[in-house]
Amino acid sequence: MTALHSRAVSAVTAASCLVHLGLVAGNHHGPWLGFVMLAMVGVCLPCAVHLWRGGREKTLRQVMGCALAMAALHAVLLLGAPALSGTAAPGHSHAGAAAPGAGFLGSGAEGLLAVVVLEITTAFLAATLLARLRSVHAEIKH
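Residues numbered from 1 in each chain as written. Predicted model: local features only at pLDDT ≥ 70, side-chain atom pairs only at ≥ 80, totals over all residues. Heavy atoms only, no water.

A. Looking closely at the side chain of T13. One can find T13 in helix α1 (residues 2-25). Sequence-distant contacts of T13, defined by excluding residues within four places in its chain, comprise C44, A48, V63 and T122. (Helix = DSSP H or I, 4+ residues; strand = E, 2+ residues; numbered from the N terminus. Contact = heavy atoms within 4.5 Å.)

Here's what the structure looks like:
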């Protein structure tokens, strides 16, 4: 059962990477944020591969931490941080042509909220798998 759980964490991590790659490909945020999103994908994609093969505690902690950081960042953007979003108006907009693989997210606030939900789901799945692995290790020691 932990293999299925690990693959679920891997799948949502990979989905997040695909969404961000789609946003970069659509050039929705300019070069600076595009670079940041590519860096995020570079950090998260290897973890998705490792988790597909089986969950390790270090990888799960990294995925959980990154997902929570991304959820917080997107929540700040959703609430309207013009310095981070590059817009003068409150809120962050994913306006323009839909990015490949990101069309299901919608645009503007709906898209950001969907990303926040995806990241919270990723963190939740990673945390529950981490707890499951720790309980298995605790049972083995006794």
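Structure shown, so let's carry the discussion forward.
B. Geometry of the state of the cysteines. Per the counting criterion, the structure on display carries zero disulfides. C66 provides the cysteine sulfur closest to C44, a residue in no disulfide bond, and the two sulfurs are 4.8 Å apart. On the accessibility criterion, C44 (13% relative accessible area) is buried. Judged by relative accessible area, which is 26%, C66 ranks as partly exposed. (Disulfide = S-S within 2.5 Å. Buried < 20%, exposed > 50% of the residue type's maximum accessible area, 1.4 Å probe, protein only.)

C. A look at empty space enclosed by the protein. All told, the structure shown has one cavity of 30 Å³ or more when counted by the stated rule. Here the largest cavity is characterised by a volume of approximately 70 Å³. The wall of the largest cavity is formed by T13, S16, C17, M40, C44, V63, C66, A67, M70, E119 and T122. Among the elements of the structure, α1, α2 (30-53), α3 (57-79) and α5 (108-141) are those that each provide at least two residues to the lining of the largest cavity. Here the element with the most residues in the lining of the largest cavity is α3; it accounts for four residues. Grouping the amino acids of the lining of the largest cavity by side-chain chemistry returns seven nonpolar, three polar and one charged. (1 Å grid on protein atoms, 1.4 Å probe; cavity = no way out; pocket = protein on both sides within 12 Å on 5 of 7 lines; lining within 4 Å. Points joined across faces, edges and corners; volume = space filled by probe spheres on them. Nonpolar A, V, L, I, M, F, W, Y, C, P; charged D, E, K, R; others polar.)

Geometric descriptors of this kind do not, in isolation, establish any biological role.
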